[in-house]
Amino acid sequence: MIRGWTLQERSSGHQVLDELIAIKLLMSKAAVQKLEKIEVQIQNKVTFTLLQQRKSQEMRMLTLMEDIYSLKSLFHTCSFCLINRNLNHITHRISVQALDFVVDQEFWIPQC
């Protein structure tokens, strides 16, 4: 079962910063719901690399990464993976639908 959230747009004007904020929000939602295993699929290579290296000159990004790694410890298994946007049809469909949402939405997608 795939579980995900679409979030009302919250833009800082910086793509990587926005993605780190979104990752933190989804991990917070997953922790509140006491999920034990999560896989965070990231489409932006810069964001993925930052999370792997755990280094940044930008203080806001560094703080978010620290928060993300603190949240990571709440799960039995938590992994980050880089995923090709062109091959991720589910995320693309959800992104298109999310343009019409005015509040955060949660969804479940059964795996075949």
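Residues numbered from 1 in each chain as written. Predicted model: local features only at pLDDT ≥ 70, side-chain atom pairs only at ≥ 80, totals over all residues. Heavy atoms only, no water.

Participant: What is the right way to look at the overall build of the chain in this model?
Facilitator: Along its length, the chain carries four helices and four strands. Out of the 112 residues belonging to the chain, those deemed buried represent 29%. If you take every contact in the chain between residues at least 6 apart in sequence, the share linking residues at least 24 apart comes to 74%. Carbon together with sulfur atoms contributes 53% to the accessible area of the chain, which is approximately 7,800 Å² in total. (Helix = DSSP H or I, 4+ residues; strand = E, 2+ residues; numbered from the N terminus. Buried < 20%, exposed > 50% of the residue type's maximum accessible area, 1.4 Å probe, protein only. Contact = heavy atoms within 4.5 Å. Areas by Shrake-Rupley, 256 points an atom, 1.4 Å probe, with all protein chains shown as cover.)

Participant: For this particular structure, what's the right way to read the pattern of salt bridges?
Facilitator: Side chains that carry opposite charge are capable of pairing whenever their charged atoms lie near each other. For the coordinates displayed, the defined rule picks out two salt bridges. A salt bridge links K24 to D67, with the shortest nitrogen-to-oxygen separation between them at 2.8 Å. Of this pair, K24 sits in helix α1 (residues 15-32) while D67 sits in helix α3 (residues 59-72), and the two are 43 residues apart along the sequence. As a salt-bridge pair, E58 and R60 come within 3.1 Å of each other at their nearest N and O atoms. Accessibility expressed as a relative area gives 49% for R60, which makes it partly exposed. (Salt bridge = Lys/Arg side-chain N within 4 Å of Asp/Glu carboxyl O.)

Participant: What is the right way to look at the nonpolar core in this model?
Facilitator: Considering soluble globular proteins, one finds that nonpolar side chains tend to be buried as a cluster. Among the nonpolar cores identified, the biggest contains 21 residues, and L20, I23, M27, L51 and F80 are the most heavily contacted of them. Sorting the residues of this core by element identifies α1, β2 (37-42), α2 (45-53), α3 and β3 (77-82) as the ones contributing at least two each. Sequence-distant contacts of L51, that is, excluding residues within four places in its chain, are made with L20, I23, I42, M65, I68, Y69 and F80. (Core = buried A, V, L, I, M, F, W, Y, C linked by side-chain atoms within 4.5 Å.)

Participant: I tried to follow the environment of L20 on my own but got confused; where do I start?
Facilitator: Within the secondary structure, L20 is located in helix α1. Separated by 40 residues in the primary sequence, L20 and R60 have C-alpha atoms spaced 9.8 Å apart.

Participant: Explanation requested: unusual backbone geometry in the structure shown.
Facilitator: A negative phi angle is the norm for most residues apart from glycine, just as the trans form is the norm for most peptide bonds. The backbone of K34 shows a phi angle near 60°, a positive value even though the residue is not glycine. Checked against the element boundaries, K34 lands in the loop between α1 and β2. Unusually for a residue other than glycine, R54 sits at a positive phi of about 60°. Turning to its location among the elements, R54 is positioned in the loop between α2 and α3.

Participant: Can you walk me through the environment of V32 in this structure?
Facilitator: If you trace the backbone, V32 turns up in helix α1. For V32, a relative accessible area of 66% puts it in the exposed group. Sequence-wise, V32 and L74 are 42 residues apart; in three dimensions their C-alpha atoms are separated by 9.9 Å.

Participant: What am I meant to see in the side chain of T47 here?
Facilitator: Note that T47 resides in helix α2. In contact with T47, not counting residues within four places along its chain, are V16, E19, L20, I23 and I42.

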